[in-house]
Amino acid sequence: MSACGGGSDDASNDELAPEVEPAPEAEPEPVPETAAEPEPEPELEPEPEPELEPEPEPELEPEPEPEAAGEVIEATLTEWEIAAPTEYAAGTITFNAVNNGSFPHELVVIAGESYDSLPLEEGGTVIEEQLPTGALIGRTARVGSQSSAELVVDLAPGSYVLVCNLGGGSNSHAGAGQRLDITVS
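Conventions adopted
- Residues numbered from 1 in each chain as written.
- Predicted model: local features only at pLDDT ≥ 70, side-chain atom pairs only at ≥ 80, totals over all residues.
- Heavy atoms only, no water.
- Helix = DSSP H or I, 4+ residues; strand = E, 2+ residues; numbered from the N terminus.
- Buried < 20%, exposed > 50% of the residue type's maximum accessible area, 1.4 Å probe, protein only.
- Contact = heavy atoms within 4.5 Å.
- pLDDT = per-residue confidence, 0-100.
- Core = buried A, V, L, I, M, F, W, Y, C linked by side-chain atoms within 4.5 Å.
- Polar contact = N/O pair within 3.5 Å; in protein donor to acceptor, adjacent residues only side chain to side chain.

Participant: What is the right way to read the environment of Glu71 from this model?
Facilitator: Structurally, Glu71 can be placed in strand β1 (residues 71–78). Its relative accessible area of 34% is what places Glu71 among the partly exposed residues. Measuring from C-alpha to C-alpha, the distance between Glu71 and Phe95 comes to 8.5 Å, with 24 residues separating the pair along the chain. Beyond its immediate chain neighbours, meaning those up to four positions away, Glu71 contacts Tyr88, Ala89, Thr92, Ile93 and Thr94.

Participant: What should I look at first to understand the confidence of the model for the protein in this one?
Facilitator: Low-confidence regions, as indicated by low pLDDT, have predicted coordinates that should not be scrutinised in detail. Across the protein, the average pLDDT comes to 78, with 63% of residues at 70 or higher. A low-confidence stretch, residues 1–24 (pLDDT under 50), is modelled with 3 contacts involving residues beyond four sequence positions or located in other chains. Scored below 50 in pLDDT, residues 31–37 makes 0 contacts in the model with residues more than four places away or belonging to other chains.

Participant: Sorry if this is basic, but what is going on with the nonpolar core here?
Facilitator: What tends to happen in soluble globular proteins is that the nonpolar side chains get buried as a cluster. Residues Tyr88, Ile93, Phe95, Leu107, Val109, Leu155 and Leu162 are the most contacted members of the largest nonpolar core, which totals 18 residues. Mapped by element, the contributors of at least two residues to this core are β1, β4 (91–99), β7 (148–155), β8 (158–163) and β9 (179–184). Ignoring anything within four residues of it in the chain, the contact list for Leu155 reads Ala90, Gly91, Ile93, Val109, Ile137, Tyr160 and Val184. Formed by 10 residues, the second largest nonpolar core is a distinct cluster that contains Val108, Ile110, Val126 and Val161.

Participant: Would you take a moment to explain the side chain of Asn99 for this structure?
Facilitator: If you trace the backbone, Asn99 turns up in strand β4. In this structure Asn99 comes out as buried when scored by relative accessible area, which is 0%. A polar contact is formed between the side chain of Asn99 and the backbone oxygen of Gly144, at a distance of 3.2 Å. Not counting residues up to four positions away in its chain, the partners in contact with Asn99 are Leu77, Pro104, His105, Val143, Gly144, Ser145, Gln146 and Ser147.

Here it is in structure tokens:
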């Protein structure tokens, strides 16, 4: 039996084996999967691009804000003095800090009843870290001699202090007199 079945079975198995091999060739035919590639094409539709268009619009919104400067005040900084008005209307104020002195200065706006009510070092420098939260309203960068800088702030009714807080100890600009108490109504 094995001779009859073995010889004829082997020959027919060899012949069938090549026929079975074409069946795997039929498997690569799933070229319809490449036909499924058009599905990602709808994902590439330009729908995400319109989402990028609204982003430039918010960039246009901040531009009008600086235009609304409100009241413009010149604050002249010299050695150991700030020359500016002491009474202001509430709202947006633009300080044009002009340094007519020989040393660098800055203009700092602090909410407080008076300079003397602020936390001060021995020489008169304001200890900014000890100010109540939100009391430091704004400051210019360091302004060189014969230069100027702008500071735009929104001031509610109350008392404020303008100060040059540069220097420390016996070299404190504020301690030497470069400060001004102001009132906003």
